[in-house]
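Each chain, letter by letter, is given below.
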Amino acid sequence: MLQPFTLGGLHLVNRVVVAPGGAAPGEAFPGRDGVPGDLQLVRLGGAALDGAGLVLTGPVSVSAAGTALPGGAGLYTGEQAAGWRRVVDFVHAHAPAKIGVRLGYYGPDGATRPLGELQREFAAAARRAAAGFDLLELDCAHGSWLSAALSPSDERARHNGSPGRSGASQARGGASLRNRFRRPLAVFGAIRAVWPAERPVGLRVAPARWCPGEDGVDAAAELANEFAARGAEAVHVRAGTEADRDVYADRIRNQAGRRSGFAVLAAGSIAVSDVDTIVLAGRADLCVVDRATVHAPWPSPRGTPDRATSKSGHDGGGCRAP
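As the structure is a computational prediction, the values presented were derived from the model and not from experiment.

**So, the overall build of the protein**
- Secondary structure summary: the protein contains eleven helices and ten strands in total.
- Taking all 322 residues of the protein together, the buried fraction comes to 57%.

In structure tokens, the structure reads:
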């Protein structure tokens, strides 16, 4: 658990990951006009001080239309970027932990919007995040538009009424699987094009939600390979039960991760005491725990840092307005 790990070019002091911002979009901490405030600073900064090697934000929307709830965190304005800069600078100044942002679109109209427009919004948010965050995670898990895009039911709806091609046969065929990957991969490509090459970018999936059963495990592994071929360096596997977590994370890591060279983050009912067992068994490389209790050896902070005291390893030390 306390062994270091290198994720792409990012050095992590241990294998413990904490995402205190809420697993689902509806659990995120609201703010004023999507600007992160003291609550995000306390929760994310506290997780870093408690000893996590990597801290992940809750869902952060790429546009006002794509927020999950009123006031939901965003990264589509300069004021929001400045708010995140404050959080990022705090983490970098007072702990060796790294901090990643989870970007997504959570509005109900994602499927009806032009893909090119959504790509531009994701790219713009990624540019703002690149001013300070160490890692970017594309949210393809439940609650996000990209999760719906990966769902077989979404594929059947889009092909409903197509001559000679029933929704059921499309959902079973390889062509259908590739169609479901098309929009997430297009968005990922837009992000990867603007995100710094030396910093990792990954994806967050909940395969049991959109493709349950044995076929879902194979589809999730194929999806991970497709993203890895385009530059993804991590797959965050979210599961609702311990059994699902072990099946999906284990198979994705051993069926795809070893071959493609990406790291697997397992999430779902994991205590700190479980991390060593999961990692040593080869089921995952990193574990998203329910609470950070690693007992960090570094001292507690005495105030919010200014830019001059930031320990960020890259230029700028925090998120700044574009």
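From this point, the discussion proceeds with the structure in view.
**Quick look at the environment of His94**
- In this fold, His94 is placed in helix α2 (residues 78–94).
- A C-alpha to C-alpha distance of 7.2 Å links His94 and Leu49, two positions 45 residues apart in sequence.

**Observations regarding the sheet that holds strand β7 (residues 201–205)**
- Strand order in the closed barrel made by the eight strands is β3-β4-β5-β6-β7-β8-β9-β10, with parallel pairing throughout. Across the sheet, the axes of successive neighbouring strands diverge by a mean angle of 25°, strand direction being ignored.
- With five bridges joining them, strand β6 (residues 135–140) and β7 adopt parallel strand pairing. Considered in β7, the bridge of Asp139 is made with Arg204.

**What about the pairing of β6?**
- Within β6, six of the six residues are buried, which leaves the element mostly enclosed by the surrounding structure.
- In this structure, strand β5 (residues 98–104) lies alongside β6, joined through four bridges in parallel fashion. Along β6, the bridge assignment pairs Gly100 with Leu135.
- You can see the chain leave β5, run along helix α3 (residues 115–129) and come back into β6, and the turn it takes is right-handed.

**Brief notes about the packing of aromatic side chains**
- Across all of its chains, the model carries three aromatic pairs by this definition.
- With centroids separated by 5.1 Å and ring planes inclined at 85°, the aromatic side chains of Phe188 and Phe227 adopt a geometry described as edge-to-face. You can see Phe188 sitting in helix α7 (residues 174–194) and its partner Phe227 sitting in helix α9 (residues 214–229), a full 39 residues away along the chain. Of the two residues examined, Phe188 and Phe227, each falls in the buried class.
- For the cation-ring pair, Arg199 lies above Trp195, with the distance from its terminal atom to the ring centre recorded as 5.5 Å.

**A closer look at the pairing of strand β10 (residues 286–289)**
- Side-chain alternation along β10 places Leu286 and Val288 on one buried face and Cys287 and Val289 on a second face that is also buried.
- Looking at chain direction, strand β3 (residues 16–18) and β10 are connected through three bridges and run parallel. Residue pairing for β10: Val18 is matched across the bridge by Val289.
- Pairing of strand β9 (residues 263–267) with β10 involves three bridges; the strand directions are parallel. Its bridge partner being in β10, Ala267 is matched across the sheet by Val288.

**Some points on the pattern of salt bridges**
- What the rule picks out here adds up to nine salt bridges.
- Measuring nitrogen to oxygen at the nearest pair gives 3.9 Å for the salt bridge that ties Arg85 to Asp89. You can see Arg85 and its partner Asp89 sitting in helix α2, four residues apart, about one turn around the helix.
- In this structure Arg85 comes out as partly exposed when scored by relative accessible area, which is 26%.
- Of the residues examined, Asp89 reaches a relative accessible area of 3% and is grouped as buried.
- Among the ionic pairs, Asp139 bridges to Arg204, the shortest N-O distance being 3.3 Å. Here Asp139 is found in strand β6, whereas its partner Arg204 is found in strand β7, with 65 residues between them in sequence.
- In this structure Asp139 comes out as buried when scored by relative accessible area, which is 1%.
- Using a relative accessible area of 1% as the deciding quantity, one classes Arg204 as buried.
- The network of salt bridges with common partners includes Arg32, Asp33 and Glu79.

**Brief notes about the packing of helix α1 (residues 38–49) against α2**
- Where α1 meets α2, the closest approach of the two axes is 9 Å, and the angle between their N-to-C directions is 20°. When the axis of α1 is compared with that of α2, the two are roughly parallel. As α1 runs across α2, the sense of the crossing is right-handed. Mapping the contact onto sequence places Asp38, Gln40, Leu41, Leu44, Gly45, Ala48 and Leu49 in α1 and Trp84, Arg86, Val87, Phe90, Val91 and His94 in α2.
- Across the contact of α1 with α2, the residue classes tally to eight nonpolar, three polar and two charged.

Definitions and limits used
- Every chain's residues receive numbers from 1 upward, in the order its sequence appears when written.
- Residues qualify for local features only when their pLDDT is at least 70, as the model is predicted, and side-chain atom pairs are given and counted only at 80 or more; totals for whole chains, interfaces and linings, by contrast, use all residues.
- The side-chain numbers reported here are obtained from all heavy atoms of the structure, hydrogens and water having been left aside.
- Numbered from the N terminus, helices here are DSSP runs of H or I no shorter than four residues, and strands are runs of E no shorter than two.
- Burial classes follow relative accessibility: with a 1.4 Å probe on protein chains only, a residue under 20% of its type's maximum area counts as buried, one over 50% as exposed, and anything between as partly exposed.
- Paired strands, as defined in this entry, are two strands with at least two bridges between them according to DSSP.
- Axes here mean lines fitted to C-alpha atoms, for a helix over just the part in contact, with angles spanning 0 to 180 degrees between N-to-C directions.
- If you view a crossover with the strands going away from you and the path from the first strand over the helix to the second runs clockwise, you call it right-handed.
- Aromatic pairing here means that ring centres of Phe, Tyr or Trp (its six-membered ring) are within 6.5 Å. Orientation follows from the plane angle: under 30 degrees is stacked, over 60 is edge-to-face, and everything else is tilted.
- Think of it as a cone above the ring: NZ of Lys or CZ of Arg counts as a charge over the ring if it is within 6 Å of the ring centre and within 35 degrees of the ring normal.
- Put simply, a salt bridge is a Lys or Arg side-chain nitrogen that is within 4 Å of an Asp or Glu carboxyl oxygen.
- Comment on the angle field: the value is read as roughly parallel under 35 degrees, roughly antiparallel over 145, roughly perpendicular from 65 to 115, and oblique elsewhere.
- Take the far helix as your reference; a near helix turned counterclockwise from it by less than a right angle gives a left-handed crossing, and one turned clockwise gives a right-handed crossing.
- Should any heavy atoms of two residues lie within 4.5 Å, those residues are counted as being in contact.
- For this classification, Asp, Glu, Lys and Arg are treated as charged, while Ala, Val, Leu, Ile, Met, Phe, Trp, Tyr, Cys and Pro are nonpolar and the rest, including Gly, are polar.

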